[in-house]
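Report on the structure
Each chain is listed here by its residues.
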Amino acid sequence: MGTLHQVADGVWVRQSEWVWANSVVVRAQDGLVLIDPGIHGSELNQLAEDVERLGIPVIAGFCTHPHWDHLLWHPRFGDVPRYATPAAARVADQARERAQAMASQSASGIPLELVALVAPLPADGAPVTGEIIEHQAHAIGHAAILLADRGVLLAGDMLSDVLIPLLDVRQDGQVAAYERALDRLDEAAAHADVMIPGHGTIAEGPEVAARLAADHAYIDALRQGKDPVDPRLGPHVDWLSGPHRTNLEQARNR
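Keep in mind that this is a model prediction, so the values were computed, not measured.

Rules behind the numbers
Residues numbered from 1 in each chain as written. Predicted model: local features only at pLDDT ≥ 70, side-chain atom pairs only at ≥ 80, totals over all residues. Heavy atoms only, no water. Helix = DSSP H or I, 4+ residues; strand = E, 2+ residues; numbered from the N terminus. Buried < 20%, exposed > 50% of the residue type's maximum accessible area, 1.4 Å probe, protein only. Core = buried A, V, L, I, M, F, W, Y, C linked by side-chain atoms within 4.5 Å. Polar contact = N/O pair within 3.5 Å; in protein donor to acceptor, adjacent residues only side chain to side chain. Contact = heavy atoms within 4.5 Å. Salt bridge = Lys/Arg side-chain N within 4 Å of Asp/Glu carboxyl O. Pairing = 2+ DSSP bridges. Axes fitted to C-alpha atoms, helices over the stretch in contact; angles between N-to-C directions. Right-handed = clockwise from strand over helix to strand, strands pointing away. Expected span 1.5 Å × (residues − 1).

A few words on the environment of Trp12. When you line up the elements, Trp12 lands in strand S2 (residues 11-15). By relative accessible area, which is 9% here, Trp12 ends up buried. Trp12 sits 12 residues away from Val24 along the chain, and the two C-alpha atoms are 5.8 Å apart.

Written as structure tokens, this is what we have:
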């Protein structure tokens, strides 16, 4: 944790101590794009120092979905445009005060005035490089990014080895939405040797398919009305028991 390291050509990752959150730095045509930078203010400051050492200007930010821990920023990153999918940007704007409150409660030293200031990504995706894979699982307007030329898939809050699939309580039909999202990520993963989740360890090689299989198995069990058996659950992760119960209830009422 705590060090920006390169995982592929023009792709760097720094992991936070907070729920193993991954900040991703991607070299685009004209500079760097920061994706989901976080989490504590001191970590954002350290990320800024690491980025400055790369000697490439930051040209934009991107958040994969409108949850508070993916809507953060730091003045040292620069006054550059920050984007999300149009649906995610709309939700972020509506929920900005809530995101600021959650950031102030769950993290330290966060520049609250910069939370959730995102605009809709232009239709051509510029300046964010790669293919935007938008779906409605986990959050409205959630986006993964496929950098096929570098063999990298940025999965957002999917395909984690530490978090189970987390359904969005604000949306109906989340089991089906999750199945559709995983099918799209299956297709994208055919072009990726490295997968970076929003939280957890980076997957490489066969582990990418294993992550997909684990999320498929969890969602399949929900669809069948069963209680998933998943190694990500257990007495060592009691804090996931609440979200897991919520998933079960939502699936049974779908």
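The next thing to look at is the nonpolar core. Considering soluble globular proteins, one finds that nonpolar side chains tend to be buried as a cluster. Among the nonpolar cores identified, the biggest contains 33 residues, and Leu153, Met158, Leu159, Ile219 and Leu222 are the most heavily contacted of them. Of all elements in the fold, only strand S9 (142-147), strand S10 (152-156), helix H4 (174-189), helix H5 (206-223) and helix H6 (241-252) reach the threshold of two or more residues within this core. With 7 residues, the top contributor of residues to this core is H4. Listed in part, the 31 residues of the second largest apolar core include Ala21, Val25, Leu34 and Val118.

Its location among the elements puts Arg150 in the loop between S9 and S10. Polar side-chain contacts of Arg150 include one of 3.4 Å to the backbone oxygen of Asp9. At a separation of 2.7 Å, a polar atom in the side chain of Arg150 contacts the main-chain carbonyl oxygen of Arg27. Dropping the residues within four chain positions of it, Arg150 is found in contact with Ala8, Asp9, Gly10, Val11, Val26, Arg27 and Thr129.

Within this structure, the stated rule accounts for 13 salt bridges. Between Arg76 and Glu52 there is a salt bridge, and its shortest N-O distance comes to 2.9 Å. Taken together, the residues span a long stretch of sequence, with Arg76 in the loop between strand S5 (58-62) and strand S6 (82-84) and Glu52 in helix H1 (residues 41-54) at a distance of 24 residues. Judged by relative accessible area, which is 33%, Arg76 ranks as partly exposed. For Glu52, a relative accessible area of 47% gives the class partly exposed. When the shortest N-O distance is used, the salt bridge between Asp220 and Arg223 registers 3.5 Å. Taken as a pair, Asp220 and Arg223 lie in helix H5 at a separation of 3 residues, close to a single helical turn.

On to the sheet that holds S6. Taken in spatial order, the 7 strands of this open sheet run S1-S2-S3-S4-S5-S6-S7, and their pairing is mixed. Of all the strands in the sheet, just strand S1 (5-8) and strand S7 (119-120) have a single pairing partner and so form its edges. Direction of pairing for S6 relative to S7: parallel, over a ladder of 2 bridges. When the sheet's bridge partners are listed, Ala84 is paired in S7 with Pro120. Sitting on the sheet, H1 touches S2, strand S3 (22-27), strand S4 (32-35) and S5, and the angle it makes with S2 is about 155°.

What follows concerns the pairing of strand S11 (residues 194-197). Of the two faces of S11, both are covered, the one formed by Val194 and Ile196 as well as the one formed by Met195 and Pro197. Examined bridge by bridge, S10 and S11 share 4 bridges and lie parallel to one another. Paired with Leu153 across the two strands is Met195, which belongs to S11. As for the winding sense of the linkage, the β-α-β connection from S10 through H4 to S11 is right-handed.

Along its 12 residues, H6 runs 17 Å from first to last C-alpha, staying within 8% of the 16 Å computed at 1.5 Å per residue. Residues of H6 that are buried include every one of His244, Asn247, Leu248, Gln250 and Ala251, and no others. Buried positions along H6 lie against H4 and H5.

Our next topic: the pairing of S9. Of all 6 residues that make up S9, 6 are buried, and the element is covered over most of its length. As paired strands, strand S8 (residues 131-135) and S9 are joined by 5 bridges and run antiparallel to one another. For His135, the partnering residue across the bridge sits in S9 and is His142. Linking two consecutive strands that pair antiparallel, namely S8 and S9, is a turn of 6 residues; a positive phi of about 75° is found at His138 within it. Bridging between S9 and S10 involves 3 bridges; their strand directions are antiparallel. Counterpart to Leu147 in the pairing with S10 is Val152. Between S9 and the antiparallel strand that follows it, S10, lie 4 residues; Gly151 among them carries a positive phi value of about 70°.

Honestly, it's all geometry; don't read function into it.
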